[in-house]
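Spelled out from the first residue to the last, the chains are:
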There are 2 protein chains.
Amino acid sequence: MVSRTDSDVLYLDDLQVGQRFVSGTHAIDADQIKAFAREFDPQPFHLDEAAAKDTFFGGLAASGWHVAAITMKLLVTGGAPLAGGIVGAGGEFAWPNATRPGDVLQVTSEVMEITPSRSRPNRGMATLKSETRNQKGEVVQVLTAKLVVPRRAASATP
Amino acid sequence: MVSRTDSDVLYLDDLQVGQRFVSGTHAIDADQIKAFAREFDPQPFHLDEAAAKDTFFGGLAASGWHVAAITMKLLVTGGAPLAGGIVGAGGEFAWPNATRPGDVLQVTSEVMEITPSRSRPNRGMATLKSETRNQKGEVVQVLTAKLVVPRRAASATP
């Protein structure tokens with residue numbers, strides 16, 4: 001479980017448009033790709049090297065939802081140190097390149113927009129654009145998500 | 001692994017705007033929620049009932065990415081019988097309600113747009129809007145995704 005003290009994390013009031021965060025890395029292998037696929041995305045191109053060859057992907061590739069889940073792990077474990085954690089309401093995603101066995105993924109995020117809530121003084125929304133890249137610098141996922149972020153003032157109130 | 005014969009599946013040419021599909025169901029429990037969270041989204045509101053009480057969610061809730069992954073499983077295992085499988089390029093998502101232990105999820109999808117490729121005669125894009133609901137009929141996820149779908153004519157060519 002991720003646990004941080006108040007001084008480590010950023011409240012809505014601490015964020016600025018253009019602020020950037022860089023995550024740790026995650027190395028993905030064929031076993032992880034197949035295990036995720038067996039549970040959530042059982043399609044030939046995520047399950048079996050030989051079967052994947054004749055598909056759109058031309059070889060074993062990770063499920064896009066697996067890439068999204070790894071991206072979340074990288075954000076939650078230091079890639080976006082927000083107070084209250086990473087709580088998404090929705091957003092947009094794209095997978096411009098396939099993720100392959102042996103890839104090492106890393107997430108770079110940028111604050112795009114900050115919107116204090118008019119009705120709820122204790123929180124607001126921040127839009128975070130997170131690009132997940134492999135070790136060659138190729139972007140494998142772009143995620144632009146609206147996050148619920150608490151305000152510092154409110155949280156100081158007992 | 002999902003395997004279908006040619007007559008079971010829909011090519012781009014077989015799709016119509018407004019066409020609807022309904023998936024099977026998936027029952028989610030606290031153990032599944034915590035197992036996914038430990039691997040991909042280790043935040044208190046996905047890991048521990050007691051710790052979740054004082055958070056935005058007010059109790060244990062599934063990671064949104066877990067809901068997305070279960071939605072994919074339901075689409076792949078009969079919820080959207082597309083030739084070539086479910087291959088997403090990107091799209092939009094929203095999580096309007098939390099998913100809780102004991103929820104039974106089902107996905108209803110509708111074809112929103114069909115766009116044959118100008119440069120690649122053997123495929124095109126279809127936009128599929130998939131609403132994931134719980135047993136009370138509450139929408140827990142809306143996913144609007146652009147999918148790569150092969151064309152029937154091209155696939156008949158050896």
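Attention now moves to the nonpolar core. Core analysis: the largest hydrophobic core is formed by 70 residues, its most contacted members being Trp65 of chain A together with Trp65 of chain B. Those residues in contact with tryptophan 65 of chain A that lie beyond four places of it in its chain are Phe36, Asp41, Phe93 and Trp95 of chain A together with Trp65, Ala68, Met72 and Leu143 of chain B.

Residue-level contacts link 39 residues of chain A with 39 residues of chain B. Carbon and sulfur atoms make up 73% of the area that chain A and chain B hide from each other, which totals about 3,100 Å². Between chain A and chain B we count zero salt bridges in total. The interface formed by chain A and chain B holds eight residue pairs in polar contact (both at pLDDT 80 or more) in total. Contributions of two or more residues to the side of chain A that touches chain B are made by helix H1 (30–40), helix H2 (44–47), helix H4 (64–79), strand S2 (88–94) and strand S5 (139–150) of chain A. The biggest single contributor to the side of chain A that touches chain B is H4 of chain A, with nine residues. Sheet topology places S2 of chain A next to strand S2 (residues 88–94) of chain B; five bridges connect them, and they run antiparallel. Across the sheet, glutamate 92 of chain A pairs through a bridge with glutamate 92 of chain B, a residue of S2 of chain B.

All names here are of chain A. As for its position among the elements, aspartate 29 is in the loop between strand S1 (20–27) and H1. In this structure the C-alpha to C-alpha distance between aspartate 29 and glycine 102, which are 73 residues apart in sequence, comes to 5.1 Å. Setting aside residues no more than four positions away along its own chain, aspartate 29 makes contact with Pro101 and Gly102. At 2.8 Å, the side chain of aspartate 29 forms a polar contact with the backbone nitrogen of glutamine 32.

Charged atoms that come close allow side chains of opposite charge to pair. Tallying each qualifying case throughout the model produces eleven salt bridges over all chains. Among the salt bridges present, the one from glutamate 110 of chain A reaches arginine 20 of chain A, with a minimum N-O distance of 3.1 Å. Highlighted residues: glutamate 110 of chain A in strand S3 (residues 104–116) and arginine 20 of chain A in strand S1, separated in sequence by 90 residues. Note on glutamate 110 of chain A: relative accessible area 27%, which makes it partly exposed. Given the relative accessible area of 53%, arginine 20 of chain A is considered exposed. For glutamate 49 of chain B, the salt bridge goes to lysine 34 of chain B, with nearest N and O atoms at 2.9 Å. Of the two residues, glutamate 49 of chain B is situated in helix H3 (residues 49–52) and lysine 34 of chain B in helix H1 (residues 30–40); the sequence distance between them amounts to 15 residues. The class for lysine 34 of chain B is buried, based on a relative accessible area of 18%.

Thresholds, definitions, all that
Residues numbered from 1 in each chain as written. Chains lettered and ligands numbered in written order. Predicted model: local features only at pLDDT ≥ 70, side-chain atom pairs only at ≥ 80, totals over all residues. Heavy atoms only, no water. Core = buried A, V, L, I, M, F, W, Y, C linked by side-chain atoms within 4.5 Å. Buried < 20%, exposed > 50% of the residue type's maximum accessible area, 1.4 Å probe, protein only. Contact = heavy atoms within 4.5 Å. Buried area = accessible area lost by both parts, 1.4 Å probe. Salt bridge = Lys/Arg side-chain N within 4 Å of Asp/Glu carboxyl O. Polar contact = N/O pair within 3.5 Å; in protein donor to acceptor, adjacent residues only side chain to side chain. Helix = DSSP H or I, 4+ residues; strand = E, 2+ residues; numbered from the N terminus. Pairing = 2+ DSSP bridges.

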